[in-house]
Amino acid sequence: MSYAYYPGCATHGLSKDVDIATRKVFEALGLKLVEVTDWNCCGGGFYDEKDEVGHVALNLRNLSIVERMGFEKMVTPCSVCLHSHRLAVHKYKENKDLRRKVDERIKGTSIRYSGKANAEHIVWILVRDVGIQKIKERVKRPLTGLKVGAYYGCQMLRPEEIMGFEPAFNPHSLEDLIAATGATPVTFPAARSCCGFPLMGSNPQVGIKLAFNVLKSAKDQGADILVHPCSLCHLQLDSLQFKIKAEFNLNWTLPAIYITQLLGLAFGFSADELGISNLAKQVLAQKGVI
Amino acid sequence: MSLQNEEAEVIFKIKRYSPEKGSYWQEYKLKVDRFTQVTEALRRIKSEQDPTLAYRASCHMAVCGSCGMRINGEPRLACKTLVLDMVKKYGSNVITIEPMDYFKPVKDLIVDLDDFYQRMYKVKPRLYPHKEVLEGKAEHRLKPEDQRELWKFAQCIWCGLCVSACPSVKMDSEFLGPAAHAKGYRFLADPRDTITEERLKILLDSAWRCTYCYMCYNVCPRDIEPVTAIKKTRAYTKLVKEKTPVIATGEKHIEAIHNSIMETGKLDEAKVYLSTYGLLESIKDFIYLFQSGKVKYALVKEKPVENISEIRKILSGENK
Amino acid sequence: MEKVSYDAVVVGAGLAGLMAAHEIASAGYSVAVISKVFPTRSHSSAAEGGIAAYIPGNSDPNDSPDYMAYDTIKGGDYLVDQDAAELLAYKSGEIVNLLERWGTLFNRQPDGRIAVRYFGGQTYPRTRFVGDKTGMALLHTVYERTSGLGNVDFYFEWFAWELVRDESRVRGVIAFDMRNMLPVFFKAKAIVMASGGMGMLYRHTTNSYINTGDGYAMALRAGVALKDPEFVQFHPTALYPSDILISEAARGEGAVLRNAKGERFMARYAPKKLDLAPRDIVSRAILTEIKEGRGFPGGYVGLDLTHLGEDYIKERLALAYEAAKNFAGVDATKEMIPVRPAQHYYMGGIDVDITGKNSDLIGLFAAGEAACVSVHGANRLGSNSLLETLVFGRETGKTVVEFLKGYTEPSSDIDKEAEKAVDSAYEVIKSESGVHFGEILEKLRDVMWDYVGVFRDENGLKTALSEIMKLREEAKKVYVLDKSKVYNTEFYNALELKNMLDLALVIAQSALNRKESRGAHYRLDYPERDDQNWLKHTIAYLRGNTVEIGYKPVKMTKWKPEARVY
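Note that the structure is a prediction, hence the values are computed from the model and not measured.

## Observations regarding the interface of chain C and chain B
Step number 1: Each partner contributes residues to the interface: chain C has 69 residues there, and chain B has 63 residues.
Step number 2: For the pair chain C and chain B, the two sides together bury roughly 5600 Å², of which 57% comes from carbon and sulfur.
Step number 3: Our enumeration of links across chain C and chain B arrives at 6 salt bridges.
Step number 4: B:K183 is paired through a salt bridge with C:E144; the nearest N and O atoms lie 2.5 Å apart.
Step number 5: Of all elements in the fold, only α3 (82-101), α4 (134-147), α10 (318-328), α13 (437-451) and α15 (489-513) of chain C reach the threshold of two or more residues within the side of chain C that touches chain B.

Put into structure tokens, the structure is as follows:
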């Protein structure tokens, strides 16, 4: 079984470990990831504020390539890329005035979008297409005793009518995956609150407060570590751990790793193979996982 | 065509409040059918079981905006919620009802909405047409596509759900909130309005304080997409000369993204970062990155898009 | 008791109240607007179909204000005061253009002019609309505009309870701040009642929960007459079972009614206009179909949109589609929408003339659904209600301005009257036991629906009267369990119940007295219209427990009564 794979700019950039871990997990499950030929940036979740028509065109370009490659599902590990594409498709289909403008804009380009292809999150593929049972069967190193906060963030869930995979207010895909690894899923109040990444582009002081809220909420519920489904949450919650610690004068940190990094550990890969950060490695070692 | 009905007994667990008693939970049992709305359930509880239960509700058809509350934790209009739909969605015949978040409860499910109203008044929520037009001496017609675009944002029923669910509202007192922005944009974008400059002073800084979490889009019962109004408001930034730090940073950021995509078709994170924050901030954050062990990734150069001319064409906006 | 003074106090912040307030405040006078809900929650927001208007240069070339007046008069089964109908028609274009300039986002034609469509009872298309939410769009525009005037004070979530009067004038109104039960005496030179309708008297109504007829009862208790109180309009297509309005616009856009056999039964009741016949005719048709066994089990018929196509439905009938989906779980592109009649509008109201002035009490004015001018006569045409609120709201405002110009302050002190009004309200709080408001309310709603509804007859109406008298007696024992002062909704519900019991008596008695059928008032025992004896307005006063009924001639200008055939 193969899927068209859209990494996104972050996943090939500062969140490269997300790409590494995701590829390893999919390979272990016998699934092939075919990178979208000559893919372009989705706009980062921002581009539509500059040029709504251009944003839709950018995203349709990727999907049109995916259709030419013979696929309908374009899987991505980045929630923002997921959201950007699905939003573009939704707008293109529902807003006649916008559709006219987009069609005008893409005249003379190679973009031919039939309406069939759309973006899907790798979590959806794992939970729905692969199934929890198959994932359980691949677990070589159960992560028993590890308390893992299930953090969803925003873009994978909302708006519910466009994302369509699970209810925005009581999702459980991540808890199911965590439980499959043998670890203990921890739900916490801020599990569906924004990590603040989009706000870093204009008002970083508040953006970082949002990140802090997420980590604190998970810590207060007893999580050792946090998993998330987004390359940009990865930047915010993983890379900026020390910034947050400094900013809020904390005597604790709560490492955040990407969901396939957790799955990869359970599948038997080493933390280094999965690109897991030093901070997370420390906690994992403490809990006897590695 | 016949209509199949179904019945069930449901337990309503309601979070009540009074200044004398404080907060407390109370449970009510009620038999409902497939069509029973939560507003109808509340009305029956009040009429048949407990006349002291206090809540706001009026039109029961999602147009007056009175009945916003949290049902099983979801910010919803009670009239737009069928009891059995929630029972099925959550797999339980216990329905929890609480007042909306963020606003202060004053009695049971009734909250103080003054905070919400103040936000709306701040954006000058009315049209200021030309004097001659107002006096009927001139006509300013509206194009059908303009009417459609504006009407989308003008449907706000002032229910308060979006503000109650917004994380930026809670964190940032300078942020006007989603509803006010939808309202503000409706007038900002109206070609007949004459106080654009004043509106930009009110709206623009606040527009850059939204975190794009799509919570407002998700909870809005009238499909208004306040976050879309905020994005469209940001597009007016180039018209403003005096830029606050938030506006300036935001503008640099979006320009950096645009330039990066125009150049390579992808985001060069280092470049975007530098352009947005400047050298000093970037160095600080570089140190944090180093501590996290991420620097090795920062040095990887991503392959640019081969068909870059196509990208540039679709982003140029010009089409002959 | 606290007192505040204003030139004018408007009770009700719907379209009529806000238009009147806007007019009075623009002339420089101080205005207080009292509303038991935040203004945008007013029931004006529920109006869907649109607002009728003849706009020169933007109407059918064969149409004219006279034709519009004629349609209104005929639709009202000739009980309409024809000068009022003319005023409504002649001012319609002006008022729609004014609201458009204020920013109301009317749907547009390709050239940018306001779009227009048909509505039931119209000979030419006249209805202007904003999607399916014209009322909400207008209400928000008018509130936005009025809230920007500096000299209008809004008292929302204040419950207006009683008018205060001396021998000949109204002096003010008592209202409670719902947040803390603080009674305040609003002293005023002029009072405009714009408190809307009374649908909650009926088991099935499209109205909001707040429409409890408070204004009518306040007027009655102040010795003011209601005009044509027996005329209650029932809307033929309310969604089953929530009674949410399914707009007439659906039928205007091509939807058709079918019974359980799939027949387009309107052919039997209105051969020319079919599904677009006036509301009373369609309501009676549906109930007859149901009574004679051709309805669906549960008591409803089907409104069929399936032939209109998904795109068309989603663009022109979004609210009907959404309503069926959200409030009944039905997909209107695939299935018929379950509908049945429900109370919808009240043609009766506080007796005023074409200027909005009441003649029983100096200084009392009324506009909108709370008033009876009478511009709708025995039956209101669709899209005329929004028009009435704006036109007569404004006209009444103008009348108040003239009244205020010539106003001289009376000398008598009426504080004692004010105190009495507050005491009458507090009775329900003082008791420690008795009956809950809900027990009486539910019985009242059933009595009204069963006996004073779409079909009426002598026995039924007499039963209604005796039942209502019993409930009025029982209501003396109403008490509230909630003794708190903060947002004591039970207290206001008990006061609303008192209002409803006052109004119910007057409606039932007036219906019993009118021995003919006209417009929405249908007597099984007197099924014909009787112009010889009954071409007159009912004028009803409430004196204690007795309804005192008199009659007033209908004003005729150009049109003589014809048979009402569609």
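## A look at the pairing of strand β7 (residues 170-177) of chain C
Residue and element names in this part refer to chain C.
Step number 1: With 8 of 8 residues buried, β7 lies mostly within the body of the structure.
Step number 2: Of the strand pairs in this sheet, strand β6 (residues 158-165) and β7 are connected by 7 bridges, and their pairing is antiparallel. Across the sheet, residue E162 finds its bridge partner in β7, namely I174.
Step number 3: Where β6 hands over to β7, the hairpin turn is made up of 4 residues, counted between the paired strands.
Step number 4: Alignment of β7 against strand β8 (residues 182-193), held across 6 bridges, turns out to be antiparallel. Paired with G172 across the bridge in β8 is K187.

## Comments concerning a nonpolar patch on the surface
Step number 1: On the surface, B:L274, B:L279, B:I283 and B:I287 cluster together into a nonpolar patch covering about 380 Å² of accessible area.
Step number 2: B:I287 sits in the partly exposed class, given a relative accessible area of 48%.

## Focus on helix α14 (residues 278-286) of chain A
Residues spaced three or four apart along an α-helix face the same direction, because each turn holds 3.6 residues.
All names here are of chain A.
Step number 1: Within α14, the full set of buried residues consists of L279, A280, V283 and L284. The buried residues of α14 occupy an angular sector of 130 degrees when projected down its axis, which confines them to one face. Exposed residues pointing more than 90 degrees away from the buried face of α14 are listed as Q282 and Q286.
Step number 2: In this structure, the buried residues of α14 make contact with β7 (225-228), α12 (241-247), β8 (256-258) and α13 (259-266).
Step number 3: The positive-phi residue at the C-terminal boundary of α14 is G288, with phi of around 75 degrees.

## Structural notes on the layout of surface pockets
Step number 1: In this structure, the second largest pocket spans a volume of roughly 970 Å³.
Step number 2: Those elements that provide at least two residues to the lining of the second largest pocket are α11 (231-239) of chain A together with α12 (245-264), α13 (269-292) and α14 (295-298) of chain B.
Step number 3: Ranked by the residues each element gives to the lining of the second largest pocket, the list is headed by α13(B), at 13 residues.
Step number 4: Each residue belonging to the lining of the second largest pocket can be placed in one class, and the counts come to 29 nonpolar, 10 polar and 7 charged.

## Some details on the sheet that holds strand β18 (residues 546-553) of chain C
Within a sheet, adjacent strands bond to each other through the backbone by hydrogen bonds, running parallel or antiparallel.
Residue and element names in this part refer to chain C.
Step number 1: Strand order in the open sheet formed by 5 strands is β16-β14-β9-β17-β18, and the pairing between neighbours is mixed. With partners counted over all chains shown, the strands left at the sheet margins are β16 (371-372) and β18, one partner each.
Step number 2: In the packing of α15 onto the sheet, the strands contacted are β9 (226-227), β17 (536-543) and β18, and the crossing angle to β18 comes to about 55 degrees.

## Quick notes on the pattern of salt bridges
Step number 1: Inspection of the entire model under this criterion finds 101 salt bridges over all chains.
Step number 2: Of the charged contacts, one joins B:R43 and C:E442 as a salt bridge, the two residues approaching to 3.2 Å between their closest N and O atoms. Remark: C:E442 occurs in helix α13 and B:R43 occurs in helix α1 (residues 38-49); the pair is interchain, linking two chains. Assigned by exposure class, B:R43 and C:E442 land together as buried.
Step number 3: The shortest N-O distance in the salt bridge between C:K334 and C:D331 comes to 3.0 Å.
Step number 4: Here the salt bridges share partners, and the residues they tie into one network are C:D77, C:E230, C:R514, C:E516, C:R518, C:R529 and C:D531.

## A few points about the packing of aromatic side chains
Step number 1: Applying the stated criterion across every chain, the model contains 46 aromatic pairs over all chains.
Step number 2: Their ring planes at 75 degrees and their centres at 6.1 Å tell us that B:F116 and B:Y117 sit as a pair that is edge-to-face.
Step number 3: Its relative accessible area of 1% is what places B:F116 among the buried residues.
Step number 4: Note on B:F116 and B:W158: the rings are 6.2 Å apart at their centroids and 65 degrees apart in plane angle, and the pair reads as edge-to-face. A residue pair is termed long-range when its members are at least 10 positions apart, and B:F116 in helix α3 (residues 114-122) and B:W158 in the loop between α5 (144-154) and α6 (161-165) qualify at 42 residues.
Step number 5: On the basis of relative accessibility, which here comes to 1%, the residue B:W158 falls in the buried class.
Step number 6: Here the aromatic cluster, defined as three or more aromatic residues joined through ring pairs, consists of B:Y102, B:F103, B:F116, B:Y117, B:Y121, B:W158, C:F38, C:Y143, C:F154 and C:F156.
Step number 7: In this arrangement the basic side chain of C:R221 is found over the ring face of C:W161, its NZ or CZ atom lying 4.4 Å from the centre.
Step number 8: Sitting over the face of the ring of C:Y551, C:K536 holds its NZ or CZ atom 4.5 Å from the ring centroid.

## Regarding the interface of chain B and chain A
Step number 1: Chain B puts 63 residues into the contact, and the matching count from chain A is 73 residues.
Step number 2: Here chain B packs against chain A, burying approximately 5900 Å² in sum over the two surfaces, 57% of which is carbon and sulfur.
Step number 3: Considering only the surface of chain B that becomes buried against chain A, B:M171, B:Y297 and B:I314 emerge as the three largest contributors, covering 12% of it.
Step number 4: In this structure, the connection of chain B to chain A is made through 8 salt bridges.
Step number 5: Linking A:D48 and B:K231 is a salt bridge whose minimum nitrogen-to-oxygen distance equals 2.6 Å.
Step number 6: Inspection of the chain B/chain A interface yields 23 residue pairs in polar contact (both at pLDDT 80 or more).
Step number 7: When grouped by side-chain class, the residues that make up the side of chain B that touches chain A number 29 nonpolar, 15 polar and 19 charged.

## Here we look at the environment of C:D304
Residues and elements named next belong to chain C.
Step number 1: Its location among the elements puts D304 in strand β12 (residues 301-304).
Step number 2: Judged by relative accessible area, which is 8%, D304 ranks as buried.
Step number 3: Distance in space between the C-alpha atoms of D304 and K334 is 9.2 Å, their sequence separation being 30 residues.
Step number 4: Not counting residues up to four positions away in its chain, the partners in contact with D304 are A255, V256, R258 and M336.
Step number 5: At a separation of 2.6 Å, a polar atom in the side chain of D304 contacts the side chain of T306.

## What to know about the packing of helix α1 (residues 15-26) of chain C against helix α11 (residues 385-405) of chain C
Residue and element names in this part refer to chain C.
Step number 1: One way to put it is that α1 packs onto α11 with a least axis distance of 7 Å and a crossing angle of 35 degrees. Crossing of α1 against α11: the hand is right-handed. Where α1 approaches α11, its residues L15, A16, M19, A20, E23 and I24 are matched on the opposing element by L386, T389, L390, G393, R394, G397, K398, V400, V401 and L404.

## Details of the sheet that holds β7(A)
All names here are of chain A.
Step number 1: Taken together, the 4 strands give an open sheet; going across it, the order is β6-β5-β7-β8, and neighbouring strands pair in parallel fashion. At either end of the open sheet lies a strand with only one pairing partner, and these are β6 (184-186) and β8. Adjacent strand axes in the sheet meet at a mean angle of 40 degrees when their direction is disregarded.
Step number 2: Sheet topology places β7 next to β8; 3 bridges connect them, and they run parallel. Counted as the bridge partner of L226 is A256 from β8.

## Regarding empty space enclosed by the protein
Step number 1: For the structure on display, the rule yields 12 cavities of 30 Å³ or more.
Step number 2: Reported here for the second largest cavity is a volume of approximately 610 Å³.
Step number 3: Contributing to the lining of the second largest cavity are 33 residues, with B:Y55, B:A57, C:Y209, C:I210 and C:N493 lying nearest its centre.
Step number 4: The set of elements that each furnish at least two residues to the lining of the second largest cavity consists of α1 of chain B together with α13 and α15 of chain C.

Cut-off values and rules
- Residues numbered from 1 in each chain as written.
- Chains lettered and ligands numbered in written order.
- Predicted model: local features only at pLDDT ≥ 70, side-chain atom pairs only at ≥ 80, totals over all residues.
- Heavy atoms only, no water.
- Contact = heavy atoms within 4.5 Å.
- Buried area = accessible area lost by both parts, 1.4 Å probe.
- Salt bridge = Lys/Arg side-chain N within 4 Å of Asp/Glu carboxyl O.
- Helix = DSSP H or I, 4+ residues; strand = E, 2+ residues; numbered from the N terminus.
- Buried < 20%, exposed > 50% of the residue type's maximum accessible area, 1.4 Å probe, protein only.
- Pairing = 2+ DSSP bridges.
- Patch = residues over 30% accessible without salt bridge, like charges linked within 9 Å, V, L, I, M, F, W, Y side chains within 5 Å.
- Areas by Shrake-Rupley, 256 points an atom, 1.4 Å probe, with all protein chains shown as cover.
- Arc of directions from axis to C-beta.
- 1 Å grid on protein atoms, 1.4 Å probe; cavity = no way out; pocket = protein on both sides within 12 Å on 5 of 7 lines; lining within 4 Å.
- Points joined across faces, edges and corners; volume = space filled by probe spheres on them.
- Nonpolar A, V, L, I, M, F, W, Y, C, P; charged D, E, K, R; others polar.
- Axes fitted to C-alpha atoms, helices over the stretch in contact; angles between N-to-C directions.
- Phe/Tyr/Trp six-rings, centres within 6.5 Å; stacked < 30°, edge-to-face > 60°.
- Lys NZ or Arg CZ within 6 Å of the ring centre and 35° of its normal.
- Polar contact = N/O pair within 3.5 Å; in protein donor to acceptor, adjacent residues only side chain to side chain.
- Left-handed = near helix turned anticlockwise from the far one by under 90°.

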